[in-house]
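Descriptive analysis of the structure
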Amino acid sequence: ADSQDNSSLSKLSQEEQLRRENAKTQPKSKSTTIASRVVLFLLFPTFVGSVGLICSHAMSKFGKDQHEMNLDRDFVYPFLVTILLVVVVSIQTGNFSSYQAAPLVAWPKVVKKQTIIRKTVVVDDDGNVIKDENVLQKLRDEAAEKSSTSKKDD
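What comes next is a walk through the structure. The structure presented is a predicted model; accordingly, all values stated were derived computationally and were not measured.

Thresholds, definitions, all that
Residues numbered from 1 in each chain as written. Predicted model: local features only at pLDDT ≥ 70, side-chain atom pairs only at ≥ 80, totals over all residues. Heavy atoms only, no water. 1 Å grid on protein atoms, 1.4 Å probe; cavity = no way out; pocket = protein on both sides within 12 Å on 5 of 7 lines; lining within 4 Å. Points joined across faces, edges and corners; volume = space filled by probe spheres on them. Helix = DSSP H or I, 4+ residues; strand = E, 2+ residues; numbered from the N terminus. Nonpolar A, V, L, I, M, F, W, Y, C, P; charged D, E, K, R; others polar. Salt bridge = Lys/Arg side-chain N within 4 Å of Asp/Glu carboxyl O. Buried < 20%, exposed > 50% of the residue type's maximum accessible area, 1.4 Å probe, protein only. Expected span 1.5 Å × (residues − 1). Bend = angle between axes of the 7 residues up to and from the residue. Contact = heavy atoms within 4.5 Å. Polar contact = N/O pair within 3.5 Å; in protein donor to acceptor, adjacent residues only side chain to side chain.

Once that is clear, we can look at the layout of surface pockets. Reported here for the largest pocket is a volume of approximately 160 Å³. Surrounding the largest pocket, eleven residues form its lining, T120, V121, V122, I130 and D132 being those nearest its centre. Broken down by secondary-structure element, the contributors of at least two residues to the lining of the largest pocket are strand 2 (129–130) and helix 4 (135–153). Its residues placed into classes, the lining of the largest pocket shows six nonpolar, one polar and four charged.

Encoded structure:
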């Protein structure tokens with residue numbers, strides 16, 4: 001029974017693998033349909049403008065501050081702002097074809113400059129770092145003096 005379960009499981013995994021490969025190879029339509037465009041570009045902004053108009057009516061009817069309803073302020077401005085928002089998102093996502101929004105402006109990449117420090121470290125016989133900066137020059141001078149005095153003696 002256990003081997004039968006394993007074989008059926010392997011068949012299912014092979015079928016799943018084939019289904020995934022077919023899903024990758026099938027070209028999918030990335031463009032939006034007419035109905036979705038109507039909803040995004042017409043119905044959604046109309047809904048937002050209507051909500052603005054209803055809120056203004058409720059404020060003028062039930063609010064403490066009585067003010068006059070204004071079609072431009074209460075409907076047209078929210079409608080236009082929503083249209084602008086939908087257009088910007090449409091441009092950024094490539095007409096709603098991807099989930100990743102592309103930036104409107106391509107900023108240059110920042111390259112970090114690395115400073116390379118080259119220095120000579122002088123270590124004594126015990127492995128301790130000698131902090132005197134001129135020690136190397138002093139050692140060279142001493143070596144030159146010893147060689148010059150040994151030549152004079154010859």
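Here we take up the pattern of salt bridges. Applying the stated rule across the entire model yields one salt bridge. For R73, the salt bridge goes to D74, with nearest N and O atoms at 3.1 Å. Under the relative-accessibility criterion, R73 is labelled partly exposed at 38%. A relative accessible area of 6% means that D74 is categorised as buried.

With that settled, consider helix 3 (residues 71–92). The α-helix winds at 3.6 residues per turn, so residues separated by three or four positions along the chain end up facing the same way. If you check helix 3, its first and last C-alpha atoms are 31 Å apart, about what 22 residues at 1.5 Å a residue would give, namely 32 Å. Taking the largest bend as the criterion, helix 3 deviates by roughly 25°, centred on Y77, and proline P78 comes between one and four positions later. Among all positions of helix 3, only D74, F79, T82, V86 and S90 are buried. In this structure, the buried side of helix 3 is in contact with helix 2 (34–62). Where helix 3 begins, the side chain of N70 points an oxygen toward the backbone nitrogen of D72, at a separation of 3.2 Å. Remark: G94 follows helix 3 within two positions and exhibits a positive phi of approximately 65°.

Right, let's talk about the side chain of T82 for a bit. Along the chain, T82 turns up in helix 3. Taking relative accessible area as the criterion, T82 reaches 7% and is therefore assigned buried. Of the polar contacts made by the side chain of T82, one reaches the backbone oxygen of P78; its length is 2.7 Å. Setting aside anything within four residues of it in sequence, one finds T82 in contact with F44, P45 and V48.

Moving on to the environment of L80. Positionally, L80 belongs in helix 3. Residue class for L80 comes out partly exposed when judged on its relative accessible area of 47%. In the structure, L80 is positioned 31 residues away from G49 in sequence and 8.4 Å away in space, judged by C-alpha atoms.

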